Structures are given as C-alpha cells and as structure tokens.
Amino acid sequence: MGRGKLRIYLGAAPGVGKTYAMLSEAHRRVERGTDCVVGFVEHHGRSRTEVMLHGLEQVPRRELEYRGGFFTEMDVDAVLRRAPAVALVDELAHTNVPGSRNAKRWQDVEELLAAGIDVVSTVNIQHLESLGDVVESITGIRQRETVPDEVVRRADQIELVDMSPQALRRRMAHGNIYQPDKIDAALSNYFRPGNLTALRELALLWVADRVDEYLNEYRSQHHVSAIWGSRERIVVGLTGGPEGRTLIRRAARLAEKGAGGEVMAVYIARSDGLTSASPKELAVQRTLVEDLGGTFHHVVGDDIPAALLDFARGVNATQIVLGSSRRKAWQYVFGPGVGVTVARESGPDLDVHIVTHEEVAKGRGLPVARGARLGRTRILAGWLAGVLGPVVLALLLNTVDLGLANDMLLFLALTVAAALLGGLLPALASAALGSFLLNYYYTPPLHRLTIADPRNIVAIAIFVAVAVSVASVVDLAARRTHQAARLRAESEILSFLAGSVLRGETSLEALLERVRETFGMESAALLERESDVEPWTCAGSVGPGAPVGRPEDADVDVPAGDHMALALSGRVLPASDRRVLAAFAAQAAVVLDRRRLQQEAEQARTLAEGNRIRTALLAAVSHDLRTPLAGIKASVTSLRSDDVEWSEEDRAELLAAIEEGADRLDHLVGNLLDMSRLQTGTVTPLIREIDVDEVVPMALGGVPEDSVELDIPETLPMVAVDAGLLERAVANLVENAVKYSPLGASVLVAASALADRVEVRVVDRGPGVPDEAKERIFEPFQRYGDAPRGSGVGLGLAVARGFAEAMGGTLNAEDTPGGGLTMVLTLRAVNGAHHSVRVAEPERQTT
C-alpha cells in the first residue's frame, strides 16, 4: 500500500473558515462515494461549523486524564483500525495531552499517511515553526504550538483560505468566532487590522513560494529550462526595441516573488550611434515600468556591456535581465553580442537572465546608425583590406590574364571595400598601393615603374581619383552619421529632462543622481554663493567625495547661473557633452529655486495657520471663557449681597459653582497654553522610563466617580515617556470620553503590550464618529456633533495628539465594536520588550 496524500487548508488567522472548508470538502467526497471519516474536528462552539459535522462519520475520541482533568484527543489506533480512504484531522499544529500516542498531532497524521490513508487537515500561518519570530514581532504573542515547515511543504495540496481583515473582524464582532465575553479583548489585541493584514501577507507569500516549488517540479519533469530568481534589485537592459515590454514584465514578475524587490530599467545611448531606439517605443516602455512600480534610467556609454555592468554595480543590483539578440545568425561573425559579453563579465555577484521573445533573430527592424567613429574592428579590417588586399590580389592576378581594364576594376573594388570598412586613410593607402602594383605588374613595360602608353597613364589617374573620391564620401558619411547619432542621444536625454519638469519632480538630490548616472560620474554637487567674493556653499550633493569646496576642484564644472555651478567628479567629459550638461545645470537651478519657493510657501502657510488659531483663540476667549467667568461673578456677587440671608446649603451651592467655574477656567487656560506651546515648538519632553500603571490612575482625578474602569496589567513593560505629558494626554482623552458617554455607561481605560510598543485604549459607548471625521476631531478648535458652546474650546484632543507625538508616540481614533469611539494611544516600550497579551478580560478596578 502506498503512502496517503495530505491536503492542508492554510489560513492567516483563526476564524477565516478553514474547518468549514474542510468539512465542505468532506461532504462533497462522501456524495461521490468516498469513504471519509472525521478523525478529530473541533467546532469551538461555532454553530455553523457544528452543523457541518452532521452526516459525517466520527471516530470516537480517546479520553485522557491529566492533572485532575479529562481531555479528549484523536484515537489514532481507532482510525487505523477503521482504515478509511480519507480522514479529517483538524489543527495540525496541536500539542497532544501528555500520555497520548504522540506528542504532536502532525505526528499522528504522519502515521495515518504511512498507513495509506489520505488526510485533510488545517493550520494557521502563525503556527509554522520558521515564522515564529516574525509572528511574535507582529502580534506580540509567541506561538507555543508549532509544526515544522517541512511537514506542511510535503503536503500534496495546499489551499489558502483567505478573508479580508475587515470581514474577519465583522465575523468576530457578530460572535461567529469567539464567545461574547472575549470579543472586545480579541478585537483590541490579536485581531487588530494591522495584525490581520500582516498575517494575511505572510500567508499569501508562503503559499506563493510553495506554488513556485510546484512549478519548478513541473519544469524539471518536462525538461523546461528557465531562470527564476528571488525578489531583489533587478536591472532591465533596454534597447528601445519592441521586446523591451516583454523584458520589463518578466523583471516585474521576478521582483514580485519576494519582499523588497525593485525593478530598474536602463537604456544606454551609445555615442558611436550603434542604436536603433525608437523614441516612441522608449516612452511607452518608460510608462510601463513606472506603472509596475519600477524606475527608468537613461545612461550614455560608448561600451554598452561595460556601461550596463557599471550601472548595475553602482545601484547594488543582484540580477540583470536582457533579451536574446535580434541579430541574424551571420551577424555574429562581428562579435558575441551584448548579452554574451555581459554574462561573461558579470562575475559571481550578478545573475544575468537572457529572456527569449518574439523578435529573436528577426533583425533590428530599424536601420542601424553607424556612430561616432568607426570602431577598432572596422578600422583594422579597413587597413587589412587596403594594405594586404592589393598584395593578395596581385598574386592571384599573376596566375591569370584578365586584361588591364579588368585588373583596374578589381583593384578599384578593393579600394572601395577598404573605404567602406576603414574610412579615408585605408582607402588612400589602398589606392596608392594599387596604383603602384598596376604600374609595376600590369602596365607595359612590365616590372618597371614607367608607362609606355599615355592612355594607361590616364587610366591609372582616373583609378586614383575614383578611389580618393569614394573614400572621401565614405568618411564624410561616417562623420555625418556620428553627428546625427550624437544629436539623437542628446535629444533623448533632453526629452527626459523636459519630462521630469512636466511631471513636477522637485527633488534636487534625485536630479543630481540622474546627472551622475547619465554621464557615468562618481559624484555630483550643486554649488552656490551670494556674490563673487563670498565662499561657495553646497546646496546638494550625491555620491562619495562630492566636490563641495569650489567648482575648480571638480573634474567638470558648468555654470548654472550668475552665482551657481554644477560640479562633477570622476572623469573629464568631452566638450560635446557639456551642452547637455548645461541643460541639467539649468534644471538643477530651477529645482533649487522651486524648493525654496515651496519652503517659503510652507512658512506662509504656517503663519496663516497661526493667524487662524489666534482668531479662534479670540473667539474662544470672547465666549467660552466668559461663560465660567460670568458664573463665578454671579455667585460671588450673590454671596456678598447684604440684602439676602443665605442658608448654609445655598452658600455651599454657590461656593461649589465658584469652584466648578474656576476648575473649568483652569482647564481651558491650560489647554490654550499647551496648544500655544505646541504651535511654537517649545514642548521639550523629559523622557524617562516609567510604568503605565503609575501614571494613568493619576489622570483620572477630574472625572466623576464610578465613571471609568481601569484595565492596566502590572506585567506591562515600562515605557519611555514624559510622565507629565502622558498624564495630561490621558486626562484629556478620558474627559472627552466621559463627556460623550451615555448616562450609566462607564469609560474603559485599558493597556496592552504589542511587540515593541504599549497601547493605552480609552473606550467609550457614545455616538461615535464617522470615518471621514476621525482626523478632523484632532484639529484645534474642533468640536464634533452638537456639543454645547460652553463645554470647551475644542483643544483637548489636539493637545493630546501633540503631546503623544512629542514623546514619539501616536494617537488615533477607532470605532468601538458595538458602537462608540476608541482612542488608541501608542507608546514606545523600553528595550522593545515583548509580553504576551491576554485574550480573556482580567478583573477590572473601578475609579
């Protein structure tokens, strides 16, 4: 009997529906006539899951006694005796009660598989052993029940049971996962949206890796050869041809395989003109790579393989993606091509991917523009044809008599070939040597440097003139082609520069980095000074050893205005490059001016905000502060009146009104002063390590008795905060929550540890706040809903958030499950201490 097959339903968190999906599959198999039994399934009191167990045969469990209690586990022997075709075994990572057949449930499953029984099981992503540290850093909880990754990877089928965090939280709030007394604690701790999103991402990535393994096995079995990499920094070499889109999409797929992948497409414009780039196609490819989250780069380089490798190493790339050559087979006689050269010279630190596409071996499609100078190979071939060619031709013609006319045509053809290959000088050499050999060997008298027939003199003269003319035309065409190629390269770079202006790119450092990589320099800097006698200062620089002293200290400097210069170091650029460099310098000056204008606009906005706050402050003083003053004034006037005899009860009531008004004034003035300190940036927190349970109770002195419940565990880690600022922030939050809570409903102040932070949550059962207003309530002088004018100036929450951010924390608003608003104050834990978070609610103390 062969080994059974294992199918696993994998989920990101409890409650996504793994067990329900497993039972649904069991019903489908039973309907098809498959012998399927339930080895162990726990419904955890979920009615819908419990209903799915009806109609399925369940193998009786084994009961075990442990520490005075009785527990049930799967009876492995009973399942083996029953010997079904398929067994359902829930919770693969479960730890069995001591005294069981095996310590772990996955070991029980291994026995069933070895017996030839197919098993369908479930597991959550947090229970995989290799992800224990990652899950703990996300949730703050260390999973003690784990299963080795290899056990899950060996599964024949893995199906992801996915659910969005919002939907899962709704299921939790509706009571479909935990019992009602555990819902609030679970939603506030483990089932937070951030936790669920991170766990979901882990599950998706893990399943994606497993899919890759399946695909690799398939390719191995079917002898499919392909290169697969992880998500890293990938450079895509573009030629401007139609295959570039295929390369970009392939690189994007490679980048999506792991975390942190980055795609960088680079087009290298050769100054020798060996390019067939279509500007329209390059624009399309630039848009495509940016839509896929990558970046596009334009680099000038005479040697394309060297420039590509320099760029890749400069950006710390790990992979290069290139397309298979579009050259015809016969064109390989001129060299191995870019792809082969890059692969040969990449070294062990760079992986080179050669990607096939539909344009392979179809030719370049566009005419190849020969560029700046005839390359070394062509010049050498021209000299060989011009010097050795006539000699070899003369030796061949000595063996056959074709006549002087034919001999001259053959030498003329050889001279034309030398001109086409090597230009003017090899053609002149060929003409001179050819005329000498024609005179010496084939013009009577033979073997003498004289010409008997004057007509032969004319023929040789015409031969030399034609050879020189053809050579001149070829050389002129090469120079014109070089100029055209150079102008095209410059136009492409200037087109990119214009595009950056239209896109509103305002980062000076990004522009300098683009200059540095475009011209292959080591560093670049923009220098400026106030006047001709003032020293130079650096407005921005990139690269090591940037010239920040004087422009004269750089290898290349280009003026960017009356008192501004662009300086580069690395190599000396030819004069032809300075025209394009001047355009970059002008753009750098514009970017710098734009950045300063934005800073001035921000300062103006700050001033306008200050004016708005002062206006609101005056409005608050004119009404909200006058209300308690009027009450105090009335009470004092009444007490001082000689016309009325006040009883002790009336006198006490008036004194209480005075005290209440004075407290309100103190609170309002305190918030106004705090907000002014925040606006002027004069809040300097004194950070020290304290316990949350020492500070939070002190913040509840101004609220009515029995209006607040505290849930502050003593096991929380210490936090790095300013005790005074924390007390003031919590006091404002609690006062706001009490103000909006209905009568008889207390406010809950709870704290918990999550990874390297501690959260203080102030929960009320009031009317709540819609999502679009959750940020607006933290703005100064904002009062939500129908709060009465005399209830405050709307600074409490703004001050609380300002204090939280001053201490390095955050303050946000969330909906309270079941209605209301929850303020979440996040603080930094000392030394990133990790503590387990209890799901069940502990006993609360009432304040």
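Residues numbered from 1 in each chain as written. Predicted model: local features only at pLDDT ≥ 70, side-chain atom pairs only at ≥ 80, totals over all residues. Heavy atoms only, no water.

Turning our eyes to something else, we now look at the overall build of the protein chain. A tally of regular secondary structure across the protein chain gives 24 helices and 25 strands. Here the protein chain holds 847 residues, and the buried ones make up 46% of them. As presented, the protein chain carries roughly 42,600 Å² of accessible surface, and 55% of it is formed by carbon and sulfur atoms. (Helix = DSSP H or I, 4+ residues; strand = E, 2+ residues; numbered from the N terminus. Buried < 20%, exposed > 50% of the residue type's maximum accessible area, 1.4 Å probe, protein only. Areas by Shrake-Rupley, 256 points an atom, 1.4 Å probe, with all protein chains shown as cover.)

With that settled, the discussion passes to the environment of Arg 253. Tracing the sequence through the fold places Arg 253 in helix H10 (residues 244-255). Separated by 10 residues in sequence, Arg 253 and Val 263 place their C-alpha atoms 9.7 Å apart.

Together, Glu 648, Glu 649, Asp 650 and Glu 653 make up a region of like negative charge exposed at the surface. As for its position among the elements, Asp 650 is in helix H21 (residues 648-680). (Patch = residues over 30% accessible without salt bridge, like charges linked within 9 Å, V, L, I, M, F, W, Y side chains within 5 Å. Salt bridge = Lys/Arg side-chain N within 4 Å of Asp/Glu carboxyl O. Lys, Arg positive; Asp, Glu negative; His and termini not counted. Charge placed at Lys NZ, Arg CZ, Asp CG, Glu CD.)

Let us now look at unusual backbone geometry. Unlike most non-glycine residues, Ala 83 shows phi in positive territory, near 50 degrees. Inspection of the secondary structure assignment puts Ala 83 in the loop between helix H3 (76-82) and strand S6 (86-89). For Ala 83, a relative accessible area of 48% translates into the label partly exposed. Despite not being glycine, Glu 91 shows a phi value in the positive range, around 55 degrees. Tracing the chain through its elements places Glu 91 in the loop between S6 and helix H4 (105-114). A residue is classified by how much of its surface remains accessible, and Glu 91, at 25% relative accessible area, is partly exposed.

So, on to the pattern of salt bridges. Counted by the stated rule, this structure contains 21 salt bridges. In this structure, Arg 82 engages Glu 57 in a salt bridge whose closest nitrogen and oxygen atoms are separated by 2.9 Å. Within this pair, whereas Arg 82 is found in helix H3, its partner Glu 57 is found in strand S3 (residues 57-58), the two being separated by 25 residues in sequence. Of the residues examined, Arg 82 reaches a relative accessible area of 28% and is grouped as partly exposed.

Time to look at the sheet that holds strand S16 (residues 556-561). Pairing is antiparallel in the open sheet, where four strands are placed in the order S15-S14-S17-S16. Each edge of the sheet is formed by a strand with only one pairing partner; in this case those strands are strand S15 (537-542) and S16. The sheet shows a mean angle of 20 degrees between the axes of neighbouring strands, direction not considered. Inspection of the sheet shows strand S14 (residues 523-528) paired to S15 by five bridges, in the antiparallel sense. Its bridge partner being in S15, Glu 528 is matched across the sheet by Thr 537. This element, helix H18 (residues 508-518), spans S14, S15 and strand S17 (564-569) of the sheet and lies at about 60 degrees to S15. (Pairing = 2+ DSSP bridges. Axes fitted to C-alpha atoms, helices over the stretch in contact; angles between N-to-C directions. Contact = heavy atoms within 4.5 Å.)

Okay, the sheet that holds strand S10 (residues 262-269) next. Two modes of strand pairing occur in sheets, parallel and antiparallel, and in both the strands are linked by backbone hydrogen bonds. Taken in spatial order, the five strands of this open sheet run S11-S10-S9-S12-S13, and their pairing is parallel. Looking at the sheet topology across the chains shown, the edges are occupied by strand S11 (295-300) and strand S13 (351-355). With strand direction ignored, the average angle separating the axes of adjacent strands in the sheet is 25 degrees. Taken together, the six bridges between S10 and S11 define a ladder with parallel strand orientation. Residue pairing for S11: Val 266 is matched across the bridge by His 297. Against the sheet, H10 makes contact with strand S9 (233-238), S10, strand S12 (319-323) and S13, and its axis sits at roughly 175 degrees relative to S9, the strand it touches most. Contacting S9, S10, S11 and S12, helix H12 (residues 304-314) crosses the sheet at an angle of about 150 degrees to S10.

A separate point is the packing of aromatic side chains. Taken as a whole and judged by the stated rule, the model has two aromatic pairs. Look at Tyr 178 and Phe 191: their rings are 5.7 Å apart centre to centre, the planes differ by 85 degrees, and that puts the pair in the edge-to-face class. In this pair, Tyr 178 is assigned in the loop between helix H7 (165-173) and helix H8 (180-188) and Phe 191 in the loop between H8 and helix H9 (193-221), connecting sequence segments 13 residues apart. In this structure Tyr 178 comes out as partly exposed when scored by relative accessible area, which is 24%. Aromatic ring contacts, followed pair by pair, group Tyr 178, Tyr 190 and Phe 191 into a single cluster. Here the guanidinium or amino end of Arg 801 rests over the ring plane of Phe 778, the centre of that ring lying 3.9 Å away. (Phe/Tyr/Trp six-rings, centres within 6.5 Å; stacked < 30°, edge-to-face > 60°. Lys NZ or Arg CZ within 6 Å of the ring centre and 35° of its normal.)

A few words on the side chain of Asn 102. Inspection of the secondary structure puts Asn 102 in the loop between S6 and H4. Looking at Asn 102, its side chain comes within polar contact range of the side chain of Glu 111, at 3.0 Å. Excluding residues within four positions of it along the chain, Asn 102 makes contact with Asn 96, Gln 107, Asp 108 and Glu 111. (Polar contact = N/O pair within 3.5 Å; in protein donor to acceptor, adjacent residues only side chain to side chain.)

The next point concerns the confidence of the model for the protein chain. Looking at the protein chain, pLDDT values average 77 and 78% of them are 70 or higher. Taken as a whole, residues 361-372 scores under 50 in pLDDT and shows 38 contacts with residues more than four places along the chain or in a different chain. Contacts for the low-pLDDT stretch residues 786-793, under 50 throughout, to residues beyond four places or in other chains number 17 contacts. (pLDDT = per-residue confidence, 0-100.)

Turning to the pairing of S16, a few remarks are in order. Where S16 meets S17, five bridges bridge the pair, whose relative direction is antiparallel. In the strand pairing of S17, Pro 559 is matched with Ala 565. Linking S16 back to S17 in an antiparallel pair, the connection comprises two residues.

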